[in-house]
Structures are given as structure tokens and as C-alpha cells.
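This is what each chain is made of:
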Amino acid sequence: MIVDVITIFPEMFESPMRASILGNARMKGVLELRVHDLRDWTHDRHRTTDDVPYGGGPGMVMKPEPLFAAIESIQSMPGPRGTVVILTPAGAPFSQTVAGDLASRERLILVCGRYEGIDERVFSLADLELSIGDFVLTGGELPAMVVIDAVTRLLPGVLGDDESSVEESFTQGLLEYPHYTRPASFRGMVVPDVLRSGDHQRIAAWRREQALAKTAARRPDLLLQADLAPDERLRYAHLFDPQPTANRGNE
Ligand code: JDK
């Protein structure tokens, strides 16, 4: 997969995109990451990328000309045109489902804004606007790296057979069961006996129940969407049955 990033802070991508799994994916050629400095598409002495907002108000806005020039020149390079994604607090929620969809694209062009945001006309070039959550960051660079990380680990050949995302299907849409490694006893906290029993059937059942209980307690919204067996659905029926709401008449 080819990923082009447009940013005024290309240096922000250097070490996070070189480390660990992402670095390996680039070494293997599974991920070709190209980080472009937006200022290369400016023409004034100060390499200006922002301007004051029409209508007034606080802060500055990303000018349209450098962004149009950058996106169009990257799209006109040899190869697939690419899916243009703009990171913005007003975007559609990024999720594992969206990551899976993006992982099937040959090429992504990720546009990172700064200041109070981007001139509205630039969004006419976007195939997709994404938010990584309901909080306000200082720019689109961290969201772009979050998207690259989540998408890259889904590409074939990136994870080893061990860490492969295949076994994740077992707990699709649930929070994770607890993990333990050696020592068996640490500061009086012991590893559950079942995990040391060698009984893989019992281990799988225990993990499934732990995942269900944790999801029910912390994220009942996820449990409602999850693929549960009929007996599991019965055990958590209290979360599924609609609760009658008080009818206060027409007070
Ligand atoms: C891209 C600039 C900073 C954007 C104004 C008023 C309520 C805020 C600052 N998920 C997520 N969080 N943050 C981003 C993101 C922030 C960005 C840019 C992505 C480009 N910023 C910024 C907007 C405001 N706005 C209404 C929300 C302030 C993505």
C-alpha cells in the first residue's frame, strides 16, 4: 500500500513511523509511506499556508491553494490516484471497520490540517473525512498516524503468524480477556489455575466468559452489537431486554 501524507510538520512522522511493526512493514515494502511538506506547494517568501478567516473569529485557517496543488500533484503522479482522507474533528468516526475498509485500498492520501481547520473548498477533493474521537487535538498529524498504524497492521504479511489478527475473530466486537505471563505468582497476585491446566477447551471457555463479563461491565454498548451464542445472550439478557421508561403522562 502507498500512503501519501500532506502536512506542515513532516518531522512529526519520523520516529513513530520508523519504529516497530510500522518500520518493519516499510522495510518489507508492504507500506510505502511518503510524507510531503505542504510548504513545498507555496510560492511566497514566507511559504504561507494559513490566512485569517472570512467573517472573523479566533485563529487562522489553512489556505486552499497549497492544499489543492499538493493533492492534485500527488494524484497526478504515476500509479493509482488514491483515496483522499481528511482528518478533522467533524469527520465520520474512525473504527476497526473503517480501518479494514481502508486496508483494501492501493493508495491513501492523508491530509493533515492545523490551526482552526481547513478552508471548506478543500473538502470537495475528499473521498472521506475522519475523526479519531470526540476530543480536539492541535492538528491532523496524530490522527493520520493513528489511521496509518491501525490500517498497516491489517495488511497481509505485516503481523507474524503468532500475532496474526485471525484469532481475533474469536472475540470479535468484545473487550479482551486478561493476559498473564511468568511468574505464576507475583507480589501475591496469582495466575488463574485454569490457564496452567493445559485444558484448552476450559481455557477457551474461561477467556470467552472473561471477555463477555468485562464487556458487559465496561462497554454494554459493544455487547449489544456482538455476535453472541444463544446461551450467552440469555446470560446477559438484562442488557438486551428493553427497559420500560416511566410515562409521566402529559405533565
Ligand atoms: C485536524 C486543525 C485543530 C480544529 C475548532 C470548534 C468544536 C473544535 C482546533 N479526532 C480529532 N480531534 N482533533 C482532530 C483534528 C484537529 C485539527 C485538525 C484534525 C486541523 N485541528 C482544531 C478545530 C477547532 N473546533 C468546534 C471542535 C480547533 C481530529
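Residues numbered from 1 in each chain as written. Predicted model: local features only at pLDDT ≥ 70, side-chain atom pairs only at ≥ 80, totals over all residues. Heavy atoms only, no water.

**Regarding the domain arrangement of the protein chain**
- As far as domains go, the protein chain holds domain 1 (2-152) and domain 2 (185-250).
- When each unit is reduced to the centre of its C-alpha atoms, the spacing between domain 1 and domain 2 is 38 Å. (Domains from an automatic or database assignment.)

**Side note on the pairing of strand β5 (residues 83-93)**
- As judged from the four bridges shared by β5 and strand β6 (residues 107-111), these two strands associate in the parallel manner. Bridge pairing in β6 links Thr83 to Leu108.
- Since β5 and β6 lie parallel, the crossover through helix α3 (residues 96-103) that links them has a hand, and here it is right-handed.
- Strand direction decides the pairing type here: β5 and strand β7 (residues 128-131), joined by five bridges, are parallel. (Pairing = 2+ DSSP bridges. Helix = DSSP H or I, 4+ residues; strand = E, 2+ residues; numbered from the N terminus. Right-handed = clockwise from strand over helix to strand, strands pointing away.)

**Quick look at the side chain of Asp50**
- In this structure, Asp50 sits in strand β3 (residues 50-51).
- The buried charged residue Asp50 lacks any salt bridge, with Arg39 as its nearest oppositely charged partner at 6.0 Å.
- With residues near it in sequence (within four places) discarded, Asp50 still touches Met60, Val61, Met62, Lys63 and Tyr115. (Buried < 20%, exposed > 50% of the residue type's maximum accessible area, 1.4 Å probe, protein only. Lys, Arg positive; Asp, Glu negative; His and termini not counted. Salt bridge = Lys/Arg side-chain N within 4 Å of Asp/Glu carboxyl O. Contact = heavy atoms within 4.5 Å.)

**Some thoughts on unusual backbone geometry**
- Each neighbour pair has its own omega, and for Arg182 with Pro183 the value is 5°, a cis peptide bond.
- Note on placement: Pro183 falls in the loop between α4 (141-152) and β8 (185-186).
- Positive phi, normally seen in glycine, also occurs at Ser20, with a value near 55°.
- Take Ser20: its relative accessible area is 56%, and that puts it in the exposed class.
- The phi dihedral of Arg187 falls on the positive side, at around 50°, and the residue is not glycine.
- Among the secondary structure elements, Arg187 is positioned in the loop between β8 and β9 (189-190).

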